Amino acid sequence: MRFYLACALYCTILCAQTTTEFFAQSYPLSEEILSRMVVTWQSDSPVPVKELRYLTVSYYDFQGQVKQGELVVHALAVDDLISIFKKLFEVRFPIHSMKFVDEFGSDDASMSANNTSAFYARHVTRTGRWSNHAYGLAIDINPLLNPYIRGEYFCPQEGERYLDRTLNGSGMITKDSYIYTLFKEHGWLWGGECFLDRGIEDLHHFQKVVPGLNENNN
Ligand SMILES: [Zn+2]
């Protein structure tokens, strides 16, 4: 009996350790992954498939459960994002979900569902310019809690109560938050401050500028 109790205790500790370990891995995009990108991939995307990576990272959801998220990002963003998500994991920064936008059918639906995502071959609204998401060099985090705001317009509409930034709840991004500091330390720009000259606060958005790739895209 004592032996079984000891085993149970040992397994509990071992399993607990296993489930709370951060795990991340990146791979070139396989045919199988590409076939899932029915909404986000376009044949005229500004970066070739070989420069993109399928990245999985551990995160805590809002119930305190460890999940494995899926992202598609540029190869040059992988190291930064693994480092950032490892630190976010250590402080249990909550993320609602991290699935392909394709599973929701559209960017709007993904944002309304508070889904975190990165690559999307789309243009900036009302311009012919590719979004930095089309380079795999931008990521949107907890978009429902951190809406896009331009004047009176905001999206997702379901995130109206989070226009009040003094709520400062978990999973929200402000200039005082740890997640903001982490991205800034890695040289990423925050949409809450880098588009202010255009009257835009894109509170869920971070982007990386790579000379020779998307430097003229901002
Ligand atoms: Zn974005």
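Residues numbered from 1 in each chain as written. Predicted model: local features only at pLDDT ≥ 70, side-chain atom pairs only at ≥ 80, totals over all residues.

Asker: I tried to follow the overall build of the protein on my own but got confused; where do I start?
Answerer: When you go through the protein residue by residue, the secondary structure sums to five helices and nine strands. When the elements of the protein are put in sequence order from the N terminus, they spell out α-β-α-β-β-α-α-β-β-β-α-β-β-β. With the principal axes as the frame, the protein shows a C-alpha extent of 70 × 45 × 30 Å. Looking at the protein residue by residue over its 218 residues, the buried ones come to 35%. (Helix = DSSP H or I, 4+ residues; strand = E, 2+ residues; numbered from the N terminus. Buried ≥ 20, exposed ≤ 12 C-beta atoms within 10 Å, placed from the backbone.)

Asker: I tried to follow the sheet that holds strand 4 (residues 138-140) on my own but got confused; where do I start?
Answerer: In any sheet, the strands associate via hydrogen bonds between backbone groups, in a parallel or an antiparallel arrangement. An order of 4-9-7 is seen for the three strands of this open sheet, with the pairing classed as antiparallel. One side of each edge strand has no neighbouring strand; the edge strands of this open sheet are strand 4 and strand 7 (189-190). Two elements, strand 4 and strand 9 (residues 205-207), share three bridges in a ladder whose sense is antiparallel. Looking at strand 9, one finds that Asp140 is bridged to His205. (Pairing = 2+ DSSP bridges.)

Asker: What is the right way to look at the packing of helix 3 (residues 78-90) against helix 5 (residues 178-185) in this model?
Answerer: A pair of packed helices is captured by two measures, namely the crossing angle of their axes and the spacing between those axes. Orientation of helix 3 relative to helix 5, taken along the N-to-C sense of each, is 155°, at an axis distance of 10 Å. Comparing their axes, helix 5 and helix 3 come out roughly antiparallel. Considering only the axes of helix 3 and helix 5, their crossing is right-handed. Together, Ile84, Lys87 and Leu88 of helix 3 and Ile179, Leu182 and Phe183 of helix 5 make up the contact between the two elements. The residue makeup of the contact of helix 3 with helix 5, split by class, is five nonpolar, no polar and one charged. (Axes fitted to C-alpha atoms, helices over the stretch in contact; angles between N-to-C directions. Parallel < 35°, antiparallel > 145°, perpendicular 65-115°, else oblique. Left-handed = near helix turned anticlockwise from the far one by under 90°. Contact = placed C-beta atoms within 7 Å. Nonpolar A, V, L, I, M, F, W, Y, C, P; charged D, E, K, R; others polar.)

Asker: What am I meant to see in the nonpolar core here?
Answerer: Grouped burial of nonpolar side chains is what soluble globular proteins tend to show. Tyr59, Val72, Val73, Phe85, Leu88, Ala118 and Phe183 are the most contacted members of the largest nonpolar core, which totals 41 residues. Secondary-structure elements contributing two or more residues to this core are strand 2 (52-60), strand 3 (66-74), helix 3, strand 4, strand 5 (148-150) and helix 5. Tallying contributions element by element places strand 2 first for this core, with six residues. The contact partners of Tyr59, leaving out residues within four places of it in the chain, are Lys67, Gly69, Phe85, Leu88, Phe89, Ile95 and Met98. (Core = buried A, V, L, I, M, F, W, Y, C linked by C-beta atoms within 7 Å.)

Asker: How should I be thinking about the pairing of strand 3 in this particular structure?
Answerer: On a regular strand, one side chain projects to one face of the sheet and the next to the other, so that they alternate. In this structure, strand 2 lies alongside strand 3, joined through nine bridges in antiparallel fashion. Counterpart to Thr56 in the pairing with strand 3 is Glu70. Remark: five residues form the turn of the hairpin made by strand 2 and strand 3, two consecutive strands paired antiparallel; Gly64 in that turn has positive phi of roughly 80°.

Asker: I would appreciate a short explanation of unusual backbone geometry in the present structure.
Answerer: Excluding glycine, a negative phi dihedral is what most residues carry, and trans is how most peptide bonds are arranged. A cis amide bond links Cys155 to the next residue, Pro156, at an omega of 0°. For Pro156, the position within the fold is in the loop between strand 6 (153-155) and helix 5. Residue Asn142 is not a glycine yet carries a positive backbone phi of 40°. Relative to the helices and strands, Asn142 resides in the loop between strand 4 and strand 5.

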